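# Architecture and fold: a report
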Amino acid sequence: MILDTQSIHAAVGVPADTTGKDAAKRVPGRKRCLAVSMVRVYVKDRRKEVRRQAGVGPDAMFVPQTHLPGAEAEVDFGDVHVMLAGKMTKVYLFSMRLSYSGKAVHRVFASCGQEAFFEGHVHAFRVLGGIPRGRIRYDNLRAAVERVLGLSRARVENDRWTAFRSHWGIEAFYCRPGIEGAHEKGGVEGQIGYYRRNHFVPVPEVASLTEMNAMVDQWDLGDEGRRLRSKTRTIGESFAQEQPLLRPLPREVFETGRWFTPRVNRFGQVTVRCNSYSVPVRFIGRQLRVLLHANDLVVYDGRTVVAHHERLSGRGESRLVLDHYLEALLRKPGAFPGATALEQAKAAPTGSCLTSRPTTGRCRRWPTTTSS
């Protein structure tokens, strides 16, 4: 296709003898002289006409798909807002949707990082009672993909994600980047939109993410009574047909958490992912082990649990338990009235803390490596 100057001027409504600064006044986005912006406007208007003349067809085309029972699923994250412990908080909704029945499993997390990505899968597989025998569709989220290789479907995967999906036998299918890829997993995209509109409006008020996820589990069960579009069966009836065809779960456990080995500072706190969490002051100066999950973290001294906190979602925040500072307050009673742990204890609603005292327990598996 050859573009002549008169055609371009006519397409954008600028007289043919208009150039330079005059064109800049007439063509939106033009700063200096007549060039790229006018060509862009012309090509935008002409592209559809040229495609029709060439018999290529429209820009957007959709092909109906048939999904076999137990064969495929789609996964995605969506952000939602909740009133968490009296504070408006943005959290992340994990969704896995079976393509045949439309059965979806959701989980709310404080972040959409790799820990949440893994835990969402584990929760979904356990609720579904199996794993799709075919592929699971994903976008190119950083929890799984380190680099997209050109315009192909090839991806450089995160090493930990490769180990995780090998353990569960997941066949990953990565959609195209950008808005075009969203159409390749439109089922879960629409599911998250439906879930947000019907369950997170108005904004739910909860004391903790544990309470929020208990509500989500009930919503998932209630949604099984829905019918999708023109289907004669409900989601629950279709899922009852699909569930026996899923692949069985592996017996071995894959640790979805990430290990850290921070040192306790002089304030009786350990710092993990830019946030601080209290431990009993007797551990000041000691190096402890922290197992970080998507919504909580557990602090170990050897194999003994010394603290358990709900994970913070921001940066530069702190979560302090008053019981951890009792020993120090006995020695410094003057610090009690203005203690941050005391203020947090007063402000915290009932049931928002995971633990108020150190508990004892055992690690499920001793780590061979640590992360920083």
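Presented here is a report on the structure given in the accompanying data block. In this text the structure is predicted, and so the values were computed from the model without any measurement.

### Things to note about the overall build of the protein chain
A tally of helices and strands in the protein chain yields eleven helices and 15 strands. A burial count over the protein chain gives 43% of its 372 residues as buried. Element-wise, carbon and sulfur atoms account for 52% of the exposed surface of the protein chain, whose accessible area totals about 20700 Å².

### Section: the nonpolar core
In terms of nonpolar packing, the biggest core is built from 31 residues, with Met 96, Phe 117, Tyr 138 and Trp 161 touching the most fellow members. Among the secondary structure elements, those contributing two or more residues to this core are strand 1 (73-84), strand 2 (87-98), strand 3 (104-109), helix 4 (114-128), strand 4 (135-138) and helix 5 (159-168). Looking at this core, the element that brings in the most residues is helix 4, giving seven residues. Not counting chain neighbours up to four residues away, the residues in contact with Tyr 138 comprise Val 75, Phe 117, His 121, Trp 161, Ile 170, Ala 172, Phe 173, Tyr 174, Cys 175 and Lys 185.

### Some remarks on the sheet that holds strand 15 (residues 318-319)
Within a sheet, adjacent strands bond to each other through the backbone by hydrogen bonds, running parallel or antiparallel. Spatial strand order, 10-11-15: three strands in an open sheet with mixed pairing. Every other strand in the sheet has two partners, leaving strand 10 (269-272) and strand 15 as the edge strands with one partner each. Sheet topology places strand 10 next to strand 11 (residues 275-278); four bridges connect them, and they run antiparallel. Paired with Thr 271 across the strands is Ser 276, a residue of strand 11.

### Quick word on the environment of Lys 231
Checked against the element boundaries, Lys 231 lands in the loop between helix 8 (209-222) and helix 9 (235-242). A sequence separation of 130 residues divides Lys 231 from Ser 101, and the C-alpha atoms of the two residues are 9.9 Å apart. There is a polar contact of 2.9 Å between the side chain of Lys 231 and the backbone oxygen of Tyr 100.

### So, the side chain of Glu 72
Position of Glu 72 among the secondary structure elements: in the loop between helix 3 (36-53) and strand 1. Judged by its relative accessible area of 18%, Glu 72 is buried.

### Examining helix 8
The terminal C-alpha atoms of helix 8 lie 20 Å apart, and with 14 residues this matches the ideal 20 Å at 1.5 Å per residue to within 8%. For helix 8, the complete set of buried residues consists of Leu 209, Met 212, Asn 213, Val 216, Trp 219 and Asp 220. Around the axis of helix 8, the buried residues are gathered within 110° of arc, so they sit on the same side. Opposite the packed face of helix 8, turned more than 90 degrees from it, sit the exposed residues Thr 210, Gln 218, Leu 221 and Gly 222. Close packing links the buried residues of helix 8 with strand 1, strand 2, strand 3, helix 7 (186-199), strand 8 (205-206) and strand 14 (304-310).

How each quantity is defined
Residue positions are counted from 1 within each chain, in the order its sequence is given. Where totals are concerned, whole chains, interfaces and linings use all residues; where local detail is concerned, this predicted model gives features only for residues with pLDDT of at least 70, and gives and counts side-chain atom pairs only at 80 or more. Only heavy atoms go into the side-chain values, all of them from the structure, while hydrogens and water stay out. In this description a helix means any DSSP run of H or I spanning at least four residues, a strand means any run of E spanning at least two, and both kinds are numbered starting from the N terminus. Here's how the labels work: a residue is buried when its accessible area is under 20% of the maximum for its type, exposed when over 50%, partly exposed in between, all with a 1.4 Å probe on protein chains only. Areas reported as accessible are Shrake-Rupley estimates using a 1.4 Å probe. Residue values count occlusion only from the protein chains shown. The nonpolar core is taken to be a set of buried Ala, Val, Leu, Ile, Met, Phe, Trp, Tyr and Cys residues, with the residues joined through side-chain atoms within 4.5 Å. Contacts are residue-level and defined by heavy atoms, with any inter-residue pair within 4.5 Å sufficient. A pair of strands is considered paired only if DSSP assigns at least 2 bridges between the two. Here a polar contact means two N or O atoms within 3.5 Å. Within protein one must be a hydrogen donor candidate and the other an acceptor candidate, and residues neighboring in sequence count only if both atoms are side-chain atoms. Given the number of residues in a helix, its expected span is that number minus one, multiplied by 1.5 Å. Each direction from the helix axis to a C-beta atom contributes to the arc, which is the arc of those directions.

Worth remembering: the numbers are spatial, not functional.
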